[in-house]
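# Commentary on secondary and tertiary structure
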Amino acid sequence: MDLLSITSLSDDQIATILDEGERWFAYNRQPRRNDHRLDGLTIVNAFFENSTRTLLSFEIAANRLGAQVVTMQVEHSSIKKGETLADTARTLNAMRPDVLVIRHGTSGAPADVARIMDCPVINGGDGIGEHPTQALLDAATLRQHFGRIEGLKIAICGDLKHSRVARSNALLLTRLGAELRFAGPPSLLPDDIAGGTIEEAVVGADAVMMLRVQRERLSEELGDGPGEYLAHYGLTKERFAHAAPYAVVMHPGPINRGVEIDGALADHDERSLIVRQVEMGVAVRMACLDLLTADRRVRP
Ligand code: CP
């Protein structure tokens, strides 16, 4: 079994990941952790795009379950000598890893690699495709906070056109019964998503999920001067005041402070779940690794 997209997961698998993620979240807060269920297994991380949260949380998750973890140094790899992704995958496969976690700038690259690998492959983010484990940790964070996802009004705002996080969240949160609203600059709204203004999306929302402006994926500059993006499309205190009185702020990170979100809102002790999302990321990735390796464990 691979974890390439939200649609590749059954309802039962999603429920298991969310339930187990919450259990690992509590486990991770214990002073000593001593689980060895992935003893003898090797997890390989191959990240062809930069990452802090996803890469480190997969490393920590695998370590906490007793696996050996190897992270490919892409900058120092034979990719730099012109080796193709397919040949790299064949090379990694010959080393017999038990799980490969891959992030790549090309949408669909993890699926191409999965066709070569004999072990489960996890998509750690592919271009503007999907980022399924981010959506799973977002759903787990929301469910832990509100006790449910069904019926929640969730605004997803910002650079929707380039956001693999938004794509995976739209699939997952809709499936779990949330009511989604979308907003962003007209030039950053994809054709297949009906979006409005951030003011419309935020009114009465239970949660507001802001997205980073992915300037590295823009074909031309947005043309916004300093402070203009926040003023027109960002989450300010004034706009957030129109959300539900108990509403929360989320962001997958990394944050452009003062661009898509006011830095004080991102840091708000009671209203921001952003740090909690990172903590849940380790827990949910433990649940994913546990699920995907279930048939690889050495049995006595
Ligand atoms: N949310 C997320 O994918 O962050 P990183 O790019 O730091 O992994």
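Higher on the page you've got the structure.
It should be emphasised that the depicted structure is a prediction, and the values quoted were computed from it without experimental measurement.

### Describing the nonpolar core
Generally speaking, soluble globular proteins have nonpolar side chains that are buried together. Judged by nonpolar contacts, the single largest core of 57 residues is most densely connected at Leu 136, Ile 154, Ile 156, Leu 173 and Leu 289. For this core, the element with the highest residue contribution is helix α11 (residues 274–292), accounting for 9 residues. Each of domain 1 (6–130 + 279–292) and domain 2 (132–273) gives at least three residues to this core. If near-sequence neighbours (up to four positions away) are discounted, Leu 136 is found in contact with Leu 3, Ile 6, Leu 9, Ile 14, Ile 17, Leu 18, Leu 172, Val 284 and Cys 288. If you look at the next biggest cluster of nonpolar residues, it comprises 19 residues, including Ala 183, Met 210, Leu 235 and Ile 261.

### Thoughts on the environment of Arg 148
Looking at where Arg 148 falls in the secondary structure, it is placed in the loop between α5 (132–146) and β5 (153–157). When the C-alpha positions of Arg 148 and Leu 176 are compared, they lie 9.2 Å apart, and in sequence the two are 28 residues distant. Apart from the residues lying within four places of it in its own chain, the contact partners of Arg 148 are Leu 142 and Arg 143. Within the structure, Arg 148 has its side chain in polar contact with the backbone oxygen of Glu 150 (distance 2.7 Å).

### Quick notes on the sheet that holds strand β7 (residues 207–210)
The 4 strands are arranged β6-β5-β7-β8 in an open sheet whose pairing can be described as parallel. The sheet is open, and its two edges are formed by β6 (179–183) and β8 (248–250), each paired on a single side. Averaged over neighbouring strand pairs, the angle between their axes works out to 20° when direction is ignored. With 3 bridges connecting them, β7 and β8 associate as parallel partners.

### Some points on the packing of aromatic side chains
In total, this model carries 3 aromatic pairs according to the counting rule given. For the pair Trp 24 and Tyr 27, a centre-to-centre distance of 5.0 Å together with 90° between the ring planes defines the contact as edge-to-face. Taken together, the residues Trp 24 and Tyr 27, both in helix α1 (residues 11–28) and 3 residues apart, mark about one turn of the helix. Both residues of the pair, Trp 24 and Tyr 27, count as buried. Over the aromatic face of Trp 24 sits the side chain of Arg 23, whose NZ or CZ is 4.7 Å from the ring centroid.

### Some details on the side chain of Asp 126
With respect to the helices, strands and loops of the structure, Asp 126 is situated in strand β4 (residues 121–126). Look at Asp 126: it is buried, it has no salt bridge, and the nearest opposite charge is Arg 164 at 6.1 Å. Within the structure, Asp 126 has its side chain in polar contact with the backbone nitrogen of Glu 130 (distance 2.7 Å). Among all residues touching Asp 126, those that are not within four sequence positions of it are His 104, Thr 106, Ser 107, Gly 108, Pro 110 and Arg 164.

Scoring rules and cut-offs
Within any chain, residue numbers begin from 1 and follow the written order of that chain's sequence. Local features in this predicted model are restricted to residues whose pLDDT is 70 or higher, and side-chain atom pairs enter the listing and the counts only when it is 80 or higher, whereas totals over whole chains, interfaces and linings include all residues. By convention in this description, side-chain values take in all heavy atoms of the structure and omit both hydrogens and water. Residues belong to a common nonpolar core when they are buried Ala, Val, Leu, Ile, Met, Phe, Trp, Tyr or Cys residues joined through side-chain atoms within 4.5 Å. Only protein chains enter the calculation, and the probe is 1.4 Å; a residue is then buried if its accessible area is under 20% of its type maximum, exposed if over 50%, and partly exposed in between. Where helices and strands are cited, they refer to DSSP runs of H or I of at least four residues and of E of at least two residues respectively, numbered from the N terminus. Segmentation of the chain into domains, including their bounds, is taken from an automatic or database domain assignment. Any two residues whose heavy atoms approach within 4.5 Å are treated as being in contact. In the analysis that follows, any N or O atom pair within 3.5 Å is treated as a polar contact, provided that within protein one partner can donate a hydrogen and the other can accept it, and provided that, for residues neighboring in sequence, both atoms belong to side chains. Two strands are counted as paired when DSSP detects at least two bridges linking them. An axis is simply a line fitted to the C-alpha atoms; with a helix, the fit covers only the stretch in contact. Between two such axes, the angle follows the N-to-C directions and lies from 0 to 180 degrees. Only rings of Phe, Tyr and Trp enter the pairing, Trp through its six-membered ring, and a pair is recorded when the two centres are within 6.5 Å. The plane angle decides the type: under 30 degrees is stacked, over 60 is edge-to-face, the rest tilted. Whether a charge lies above a ring is judged from NZ of Lys or CZ of Arg, which has to be within 6 Å of the ring centre and within 35 degrees of the ring normal. The sign given to each residue is positive for Lys and Arg and negative for Asp and Glu; His and the chain ends receive no count. By convention in these notes, a salt bridge is any Lys or Arg side-chain nitrogen within 4 Å of a carboxyl oxygen on Asp or Glu.

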